[in-house]
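Notes for the structure review
Spelled out from the first residue to the last, the chains are:
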Amino acid sequence: MNKYDLAGEVAIITGARRGIGKAIALRLARAGAKVVVADLDKEDCEKVVKEIEGIGGEGLALKLDVTNEEEIIDAVRKTKEKFGKIDILVNNAGIFIQEELDKMDTSKIDKILAVNLRGVILCTKHVLPEMKGNSYGKIINIASVAGLVGFELSSIYCATKGALVNMTRELALELSKYKINVNAVAPGVIETPMTKGLLGDEKTKAALLGKIPYGRVGKPEDIANAVAFLASDESGYITGHTLVVDGGWLTT
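The notes below deal with the structure included here. (Residues numbered from 1 in each chain as written. Predicted model: local features only at pLDDT ≥ 70, side-chain atom pairs only at ≥ 80, totals over all residues. Heavy atoms only, no water.)

Before going further, it helps to examine unusual backbone geometry. With the exception of glycine, the majority of residues adopt a negative phi angle, and the majority of peptide bonds are in the trans configuration. Despite not being glycine, Ser-135 has its phi angle at roughly 50°, a positive value. Counting through the fold element by element, Ser-135 comes out in the loop between helix 4 (106-134) and strand 5 (137-142). For Leu-153, which is not glycine, the phi torsion reads 60° and is therefore positive. Secondary-structure assignment places Leu-153 in the loop between strand 5 and helix 5 (155-175). (Helix = DSSP H or I, 4+ residues; strand = E, 2+ residues; numbered from the N terminus.)

All right, on to a nonpolar patch on the surface then. Taken together, the side chains of Leu-148, Val-149 and Leu-250 define a hydrophobic patch exposed on the protein surface, amounting to about 200 Å² of accessible area. Mapped onto the fold, Leu-250 is located in the segment after strand 7 (242-245). (Patch = residues over 30% accessible without salt bridge, like charges linked within 9 Å, V, L, I, M, F, W, Y side chains within 5 Å. Areas by Shrake-Rupley, 256 points an atom, 1.4 Å probe, with all protein chains shown as cover. Salt bridge = Lys/Arg side-chain N within 4 Å of Asp/Glu carboxyl O.)

Its 15 residues place the ends of helix 3 (residues 69-83) 21 Å apart at the C-alpha level, agreeing with the 21 Å of an ideal helix rising 1.5 Å per residue. Tucked into the core, helix 3 has its buried residues touching strand 1 (10-14), strand 2 (34-39), strand 3 (58-63) and helix 4. (Expected span 1.5 Å × (residues − 1). Contact = heavy atoms within 4.5 Å.)

With that out of the way, let us pick up the nonpolar core. Ranked by internal contacts, the top residues of the largest apolar core, which has 38 residues, are Val-127, Met-131, Ile-139, Leu-175, Ile-180 and Val-182. Contributions of two or more residues to this core are made by strand 1, strand 2, strand 3, helix 3, helix 4, helix 5 and strand 6 (180-187). At 9 residues, helix 4 tops the list of elements feeding residues into this core. In this structure, Val-182 is in contact with Ile-139, Asn-141, Thr-168, Leu-171, Ala-172, Leu-175, Thr-239, Gly-240 and His-241, ignoring residues within four places of it in sequence. (Core = buried A, V, L, I, M, F, W, Y, C linked by side-chain atoms within 4.5 Å. Buried < 20%, exposed > 50% of the residue type's maximum accessible area, 1.4 Å probe, protein only.)

The next thing to look at is the sheet that holds strand 1. A sheet is described by the order of its strands in space; here 7 strands give the open sequence 3-2-1-4-5-6-7, paired in parallel fashion. Because the sheet does not close on itself, it has two edges, and the strands there are strand 3 and strand 7. Neighbour-to-neighbour, the strand axes of this sheet turn through a mean angle of 15°, independent of strand direction. Relative to strand 4 (residues 88-91), strand 1 is paired through 3 bridges, and the arrangement is parallel. Across the sheet, the residue bridging to Ile-12 is Leu-89, located in strand 4. Helix-sheet contacts for helix 2 (residues 42-54) involve strand 2 and strand 3, and the interaxial angle to strand 3 is about 175°. (Pairing = 2+ DSSP bridges. Axes fitted to C-alpha atoms, helices over the stretch in contact; angles between N-to-C directions.)

In this structure the tally under the stated criterion is 4 aromatic pairs. The interplanar angle of 55° and the centroid separation of 5.7 Å between the aromatic rings of Tyr-4 and Phe-229 together place this pair among those described as tilted. One end of the pair, Tyr-4, is in the segment before strand 1; the other, Phe-229, is in helix 8 (residues 220-231), and 225 residues separate them in sequence. Overall, Tyr-4 belongs to the buried group, its relative accessible area being 17%. Ring centres of Phe-151 and Trp-249 lie 6.0 Å apart, and the angle between their planes is 35°; on these two criteria the pair is classed as tilted. With a gap of 98 residues between them, Phe-151 in the loop between strand 5 and helix 5 and Trp-249 in the segment after strand 7 connect regions that are remote in the sequence. For the pair Phe-151 and Trp-249, one class covers both residues: buried. Connected via pairs of aromatic rings, a cluster forms that spans Phe-96, Phe-151, Tyr-157 and Trp-249. (Phe/Tyr/Trp six-rings, centres within 6.5 Å; stacked < 30°, edge-to-face > 60°.)

Moving on: the pairing of strand 4. Burial along strand 4 is two-sided: the face carrying Ile-88 and Val-90 and the face carrying Leu-89 and Asn-91 are both buried. Here strand 4 pairs with strand 5 via 4 bridges, running parallel. Among the inter-strand pairings, Asn-91 is bridged to a residue of strand 5, identified as Asn-141. Taken together, strand 4, helix 4 and strand 5 constitute a β-α-β crossover, and its handedness is right-handed. (Right-handed = clockwise from strand over helix to strand, strands pointing away.)

Structure representation (structure tokens):
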């Protein structure tokens, strides 16, 4: 396994207490990064940090609601106080709600937009001064195949993930002069707590598997490996790219 050496790097990962975010936190820690595990439940974040410490890494657990700008500012401050810098930001926090648009309460629409899009924008906004000052940074947005194709009953989710794909391209253009790489990873169907409802229904699972040439749903580690590559120097000449990790879904 390529270790993608991240020794000395400092990474903030949002939505990192479970699922894809947790897998990313552990993967980057194994590569040598000091990892800030940020999510809504600090106690769960602390459990992830203990796992990181168990493999010889160093972490910091922070309570972070990405819809709260003051908490984002505080997380950036605490990261700099603890580790002195910020090299990597993984915008992973997100929510998934399936519902017909005309039947969806506006509060749900606002929540999806706030977490999946506005939260990414604000987290990125507040780490940029540090990255610009160091003339170095790796920003990795967790998008989705739903940002590239339609996904049933998920219009607002698709809208936010599609926006992330295009924002990734623009920020890559905007930030290249500061030597900041901006890329995205677009997962297909990954086995996580977020997809438990989908994959728990055998008929739905079979329909989804029918779209995946590789013949299985993804694991959080599949996404974590892609993020580790994009966070490393091996991807130094890659920016503005969305790396699709979907078992071949988009080839069909």
